[in-house]
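Chain by chain, the residues:
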Amino acid sequence: MRAKGNDMATKDCVKVAVRVRPFNKREKDAGSRCIVSMSSNIITIQDPRNQQNRRTFTFDHAFWSHSGFVRNSHGLFVPEEDGGRYADQVSVFEGLGQGVLENALQGYNATLLAYGQTGSGKSYSMLGYGPNKGLVPTLCDHLFQFIRTNQDSRQCQVFFSMLEIYNEQVIDLLSRGSRSPGGLRVREDQQRGFYVEGLRRVPSDSATQVEQLMEQGTRTRTTAATHMNSNSSRSHMLIILQLKQIFSKECNTKQSNINLVDLAGSERQRSSGSEVDRLKEGTAINLSLTTLGNVISALAEAALGKKVVHIPYRDSILTKLLQSALGGNSRTVMIATLSPADICYEESLSTLRYAERAKRIQNRAVVNEGPTERLVKELKAENAKLLLRLSRLDQEGRRTDEETKELRRLLTHNELQIRAIQTLWEQRLQEALKDWEAQYTTITQERTMMQMYPYMLNVNEDAQLSGVIKLFIQDGEWDVGLADSPPRSISIRGLGIQEKHAIFSNQQRKVTITPLSGSKVTVNGVTVSEKTELHHLDRLILGSNSTYLFIGFPSERAGEDCARYDYDYFQSELAAAEGIHLHSLCEEQGPRSVQPESSLLAVFYDYIGLMPMVTEANQMSQELNKGVEFKLEIKNLAMSDSKGHDLEKEIVVRVTCVERKQVWMWSKAKFINRKFLMEEMYQQQAGGVSGVVAVGEADLPPLPRDRDPFWDPLEPLHLGSAHLWLQSLPFRIHVEEQVEVVGPEGSEEAILQTQLIPCSPTGLPLGEDDILIDPTELVGKRLDFQLVLDQCCGLRWLKEARNRGVQIGFQMFDCPQPLYTPAVWHNVNPVLEYRVQFTALKTSPELLNYLQSSALVLELWGLQEGCSDLVPSLDGVRMTPEGSIIVDKAGTPENTAVDSAGSDLSSSLHALHQDLEQLRVTNAALRKENSALREQLSASARHGAEGGRGRQERRGSLRMSCDADFARALKVFYHSMTSVRGQLQRLRRHRPSEEEDLLGLRLFVDEHSRLLKDFGEQLEQSVSTLKQDVAAIVRRKREKSGIWSER
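Keep in mind the model is a prediction, meaning the values are calculated, not measured. (Residues numbered from 1 in each chain as written. Predicted model: local features only at pLDDT ≥ 70, side-chain atom pairs only at ≥ 80, totals over all residues. Heavy atoms only, no water.)

Notes on the overall build of the chain
Formally: Secondary structure follows DSSP: runs of H or I at least 4 residues long count as helices, runs of E at least 2 residues long count as strands, and numbering of each begins at the N terminus. Whether a residue is buried, partly exposed or exposed follows from its accessible area with a 1.4 Å probe, protein chains only, as a fraction of its type maximum: under 20%, in between, or over 50%, in that order. It only takes one pair of heavy atoms within 4.5 Å for two residues to be counted as in contact.
Per the secondary structure count, the chain includes 18 helices and 46 strands. Taken over 1047 residues, the chain has a buried fraction of 47%. In the chain, of all internal contacts separated by at least 6 residues, the share reaching a separation of at least 24 is 69%.

Notes on the pairing of strand β27 (residues 502-507)
Counted only if it meets this: The pairing criterion is simple: DSSP has to find at least two bridges between the two strands.
Relative to β27, strand β25 (residues 476-481) runs antiparallel, the two being bridged by 5 bridges. By the bridge assignment, Gly476 is partnered in β27 with Asn506. Summarising the sheet, β27 and strand β28 (residues 510-515) pair through 6 bridges and their orientation is antiparallel. Across the sheet, residue Phe504 finds its bridge partner in β28, namely Ile513. With antiparallel pairing between neighbouring strands as the criterion, β27 and β28 make up a hairpin whose turn holds 2 residues, including Gln508 at a positive phi of roughly 55°.

Quick word on the packing of aromatic side chains
The following threshold applies: Two rings belonging to Phe, Tyr or Trp (six-membered ring only in the last case) form a pair when the distance between their centres is within 6.5 Å. Interplanar angles under 30 degrees mark stacking, angles over 60 mark edge-to-face geometry, and anything in between is tilted. Only when the NZ of Lys or the CZ of Arg is both within 6 Å of the ring centre and within 35 degrees of the ring normal is a charge said to sit over the ring.
Per the stated rule, a full pass over the model turns up 13 aromatic pairs. Each ring, one from Phe69 and one from Phe77, has its centre 5.7 Å from the other, and the planes form 85°; the classification is edge-to-face. A centroid spacing of 5.0 Å and a plane angle of 75° characterise the contact between Tyr565 and Tyr569, whose relative ring orientation is edge-to-face. Among the residues examined, Tyr569 registers a relative accessible area of 27% and is labelled partly exposed. Taken together through their ring pairs, the aromatic side chains of Phe630, Trp666, Phe671 and Phe710 make up a single cluster. Here the guanidinium or amino end of Arg85 rests over the ring plane of Trp64, the centre of that ring lying 4.3 Å away. Over the face of the ring belonging to Tyr565 we find Arg564, whose NZ or CZ atom lies 4.7 Å from the ring centre.

Quick word on the pairing of strand β38 (residues 735-742)
In regular strands, side chains alternate between the two faces of the sheet. Pairing analysis gives 8 bridges linking β38 to strand β39 (residues 748-759), with the strands arranged antiparallel. Paired with Glu740 across the strands is Ile751, a residue of β39. Connecting β38 to the antiparallel partner β39 that follows it, the hairpin turn spans 5 residues, and Gly746 within it adopts a positive phi of roughly 90°.

Describing the pattern of salt bridges
Here is the rule we go by: Each salt bridge in this description consists of a side-chain nitrogen of Lys or Arg and a carboxyl oxygen of Asp or Glu lying within 4 Å of one another.
For the structure shown, the criterion picks out 23 salt bridges. Measuring nitrogen to oxygen at the nearest pair gives 3.0 Å for the salt bridge that ties Glu188 to Arg314. Of the two residues, Glu188 sits in strand β15 (residues 186-189) while Arg314 sits in the loop between α6 (284-303) and α7 (317-321), which places them 126 residues apart along the sequence. Judged by its relative accessible area of 46%, Glu188 is partly exposed. Residue Glu749 is joined to Arg796 by a salt bridge in which the shortest nitrogen-to-oxygen separation is 3.4 Å. With Glu749 in strand β39 and Arg796 in helix α15 (residues 796-800), the pair connects residues that are 47 residues apart, well separated along the chain. On the basis of relative accessibility, which here comes to 9%, the residue Glu749 falls in the buried class.

Observations concerning helix α16 (residues 845-853)
Basically, it comes down to this: Working note: the arc is built from the helix axis to C-beta atom directions.
All of the buried residues in α16 are Leu847, Leu848, Tyr850 and Leu851. All buried residues of α16 lie within an arc of 160° about the axis, which places them on one face of the element. Summarising the contacts, the buried residues of α16 are in contact with β40 (783-793), β44 (831-840) and β45 (855-864).

A short note on the sheet that holds strand β34 (residues 628-636)
Worth spelling out the cut-off: Fitting a line to C-alpha atoms yields each axis, with helices limited to the stretch in contact; the angle taken between N-to-C directions then spans 0 to 180 degrees.
The 3 strands lie next to each other as β34-β35-β36, forming an open sheet whose pairing is antiparallel. Across the chains shown, the open sheet's two edge strands, defined by having one partner strand only, are β34 and β36 (662-667). Strand after strand, the sheet turns through a mean of 30° between neighbouring axes, direction not considered. Across 6 bridges, strand β35 (residues 649-657) lies against β36 in antiparallel orientation.

Observations regarding the sheet that holds β25
Pairing is mixed across the open sheet formed by 5 strands, whose spatial order is β26-β25-β27-β28-β31. Each edge of the open sheet carries a strand with a single partner, namely β26 (489-491) and β31 (532-534). Across the sheet, the mean angle from the axis of one strand to that of its neighbour is 25°, orientation sign disregarded. Sheet topology places β28 next to β31; 3 bridges connect them, and they run antiparallel. Note on β31: the bridge partner recorded for Ile513 is Thr532.

Some thoughts on the side chain of Arg654
As for its placement among the helices and strands, Arg654 is situated in strand β35. A relative accessible area of 18% places Arg654 in the buried class. Other than its neighbours up to four places away in sequence, Arg654 contacts Glu629, Phe630, Lys631, Glu633, Val663, Trp664, Met665, Trp797 and Glu800.

Re the side chain of Thr111
Within the fold, Thr111 resides in strand β10 (residues 110-115). In this view, Thr111 contacts Asn259, Ala325, Ser330, Arg331, Thr332 and Val333; residues no more than four positions away in its chain are not counted.

Observations concerning helix α4 (residues 135-149)
For clarity, the cut-off: The span one expects for a helix is its residue count, reduced by one, times 1.5 Å.
With 15 residues, α4 should cover 21 Å at 1.5 Å per step; its first-to-last C-alpha distance of 21 Å lies within 8% of that length. Looking at α4, one finds that the buried residues are Leu135, Val136, Pro137, Thr138, Leu139, Cys140, Leu143, Phe144 and Ile147.

Some thoughts on the nonpolar core
As a reminder of what qualifies: We define a nonpolar core as any set of buried Ala, Val, Leu, Ile, Met, Phe, Trp, Tyr and Cys residues linked to one another through side-chain atoms lying within 4.5 Å.
Residues Tyr607, Phe630, Leu632, Phe671 and Phe710 are the most contacted members of the largest nonpolar core, which totals 54 residues. Broken down by element, the residue count for this core peaks at 12 residues, all from helix α13 (residues 598-623). Of all hydrophobic cores here, the second largest spans 48 residues; its members include Ala62, Leu163, Leu289 and Leu338.

Examining the confidence of the model for the chain
Here is the rule: pLDDT: the predictor's confidence for each residue, scored from 0 to 100.
The share of residues in the chain with pLDDT of 70 or more is 77%, and the mean pLDDT across the chain is 81. Contacts of residues 945-959 to residues separated by more than four positions or lying in other chains number 5 contacts, the stretch itself having pLDDT below 50. With pLDDT under 50 throughout, residues 1043-1047 is counted as low confidence; its partners more than four residues away or in other chains account for 2 contacts.

A short note on the environment of Val459
Topologically, Val459 is positioned in the loop between β23 (455-458) and β24 (470-472). The class of Val459 is buried, set by a relative accessible area of 9%. C-alpha of Val459 to C-alpha of Arg539: the two residues are 80 residues apart in sequence and 9.5 Å apart in space. With sequence-adjacent residues up to four places away left out, Val459 is seen in contact with Ser466, Thr547, Tyr548, Leu549, Tyr565, Asp566, Tyr567 and Phe570.

Digging into the environment of Ser728
Note that Ser728 resides in the loop between β37 (717-725) and β38. Considering only alpha carbons, one finds Ser728 and Leu756, 28 residues apart in sequence, at a separation of 8.1 Å.

Quick look at unusual backbone geometry
For Asn167, which is not a glycine, the phi torsion comes out positive at approximately 55°. Within the secondary structure, Asn167 sits in the loop between β13 (155-166) and β14 (169-172). Its relative accessible area of 11% is what places Asn167 among the buried residues. Of note, Phe813 is a non-glycine position whose phi angle comes to about 45°, a positive value. Examined against the element boundaries, Phe813 turns out to sit in the loop between β41 (804-810) and β42 (819-820). Classification of Phe813 as partly exposed rests on a relative accessible area of 25%.

Brief notes about the environment of Phe710
Structurally, Phe710 is set in the loop between α14 (668-686) and β37. Taking the C-alpha atoms as reference, Phe710 lies 7.3 Å from Lys626; in sequence the two are 84 residues apart. Those residues in contact with Phe710 that lie beyond four places of it in its chain are Ala617, Met620, Ser621, Leu624, Lys626, Val628, Phe630, Met678 and Met681.

Focus on the packing of helix α2 (residues 89-105) against α4
Rule in force here: Each angle gets one of four labels, with under 35 degrees taken as roughly parallel, over 145 as roughly antiparallel, 65 to 115 as roughly perpendicular, and the rest as oblique. Note on convention: the crossing is left-handed when the near helix lies turned anticlockwise from the far helix by less than a right angle, right-handed when the turn is clockwise. Residues are sorted three ways: Asp, Glu, Lys and Arg are charged, Ala, Val, Leu, Ile, Met, Phe, Trp, Tyr, Cys and Pro are nonpolar, and all the rest, Gly among them, are polar.
Contact geometry for α2 and α4: axes closest at 10 Å, N-to-C directions at 45°. It follows that α2 is oblique to α4 by the angle criterion. Where α2 crosses over α4, the handedness of that crossing is right-handed. Two secondary-structure elements touch here, α2 through Val92, Phe93, Gly97, Gln98, Val100, Leu101 and Leu105 and α4 through Leu135, Thr138, Leu139, His142, Leu143 and Phe146. Looking at the contact of α2 with α4 residue by residue, the classes come out as 9 nonpolar, 4 polar and no charged.

Here it is in structure tokens:
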């Protein structure tokens, strides 16, 4: 391809548009709030955690599609009222697609990129849904309409290609042959730039033909996603329209490439804490999108005048193919789609920042002259020269037979080349029309069968790929599985699908499915192993995750909306079968509200989103003989909360090596990254063709262990936490308590015997006489106490495997480092005998509040053979001369605020001088008053010194006696409340099983009533005992006061 008039190249920036979609079902269920506003081309996004934090962006176009629309009788989404702000599909095409088409017709290369997180509306904007056609089909409609209108002035040729980039492999979605291992190759040509070698280019002469080709590509994409277990949200789809306009009169040709790109989901997985996966996420699955971001950033910096050494086009397949679109010979438009929901704030803000960088990129677009027309011109010119040479030879009489034959041969060859070039388009078009007619026949036959037989309709995570595959169940019995042996078989592929997986039977207008030995079949969320009758709209899962909706006989269909049975519906049904419901996550919130907590709703959708991935990982592990099992768990973050709040949860994946009984705990982000690495490994073992590991192939030389995504180095595992409440310490009461260590799912992991001992600086326990009635007396005074961990009983971790160990970790108040007990091994009931002393040199109100309202979180860590112990670090830890750890640094004298002493010294001195003068005046007045009082006291002292002295001593002894009695009563009360708290925890965990029948529920109610009765009696007894003790103390005080007063 040659540029015409390079000196006339136009320099323009990438045009960027933003489109805001409506809330989806998840966001509506979460009660999401809209945090995006739009005014003209200005977008404002608000931080839901800080309403004062707003970010504003300006783009070339802004489309508000969030609200203000209705669905008309034709199924089109249109503005509620004329002139409304809602931007429908037509408005988006007029703003973006029309410009792309006009640029292509002028001879420029044109590119349209769709960017945004999964589910933000990229595919809807690009392809559309139902009657709401997107940019691609609408652009094709207008293109062929233009061709028909202007066919007298030019001849137009359109070639259509459709490809997918997944895991750095190029897949031709229009290929008629089998997929080649490793995908198609990307080559580089000096004139053409980067191109896909062997990519099918289909001549097209109508929008209907293009629509059929897109359906074919979508079907191929769906089948490939099922066979290879790929995730469409992580793949890029490119539609390439090559437009050639031949102007016969002007002897001119314009050739344009229209690239329409639906990019992979832009979301990034965020890991909890500071976890970093040793196998970094920069794998092939994310390489293209990561590199695209690097290219855009580099080009944006170059546009700002910064020196950029290298632009990494060559680092990925996607950026190679988009090189001309980004900073090259193309006029480029990007549409960034985003959700306005508060729960998507981070992703939406990231999308806006990405789009803002992209709009700075500058391209140099030129009008292109096609090589075919130039070749025809060159051949005609060469023929003219040959004819001229022949005529000269005739005139000079020097012509020989050999020369004449050679010249004639060259002339004939050139004429044949010209004719072949000019007729190539017609021949290709005729071949494409024959293919299109064959496909049309197949589609017509499929529609006829839909009105005759029941069938299975595929359901995909990507709504664009759902409903594409239809598996018809005709009369008789049909084998379903990998085996493709017509005429009585239905071939399906996917993880966990056996050679012969199940038998479908369609007899007497009744359809049944019978699973075969070793196969997995799930109907409506329940695994079945026997012959089961299917009903209209039943949900089927074959193998690990091949999901289908059963469509019954035509007479059973009543125009139901099948759209409600989407991918999430299938996974929610599976989760319900496992006992995971929204209400089960919300039980700890107290009374069930109509609107579930948004964070818990996010956890629920995370759970059902990860379920199929865990199932697939287990299947790959089984087929590759890895011996590793994966299991989803819901981690309760209250375990690490000193207040014991129980609202926040997160999803983790428990990984177990079955043979060695080794356990790992992976975060959601780490598991997703590993899952894609497992897919790469699985596809390599499977040969990249069948998608199923053949017998013996799993025995190929294994990867080195440090590169195996199924393996990780062993690390200490957080098993659970216990809460040791500290309310007794402000009263200086010694407490012995047994606390329960609770695991992530609420299971009892162990019982920990503990002590909290108020003590002297040297470590001697305080007695009952040191008990405080008013904890505020501690403020400003020294407080010493010891934490004693005596024994850990009933370790569930050790019951599973005796070659394990445990440690206890905790972090007291503002201590800068966590502390750990020494490791103990091979014992279900290990003796810890761990003691540590803490000191507050000058107790602050903050420490006092912490002790009164918080618990010390004791974390149980599991050790396995081969992993290192947890070693406490003393960096930043201060200690007393006696070896006690200093806490409450805000109250220590050396940490009082002195930073501003220099600046405030003069004002402080001035204030002290004023106070001193006032004290002098007051002191003089007090001296006069004191002299008068001294005279009165001396007189009264002479009359009743003996009697007064006796009463004072008796009152002092009375007060000391009462305080000791009250301290003993408080100590008894605290000990009794410990057992009451344990009973309350048992009540909270006491829940019925999801599988309980009516009799089981009655037994549960009886047991729950008994526990409630015991709890009430214990609580009433504890309070009653405290009341009686206090009443007795008051009564004795009054009696003694009365006796002494009589004396």
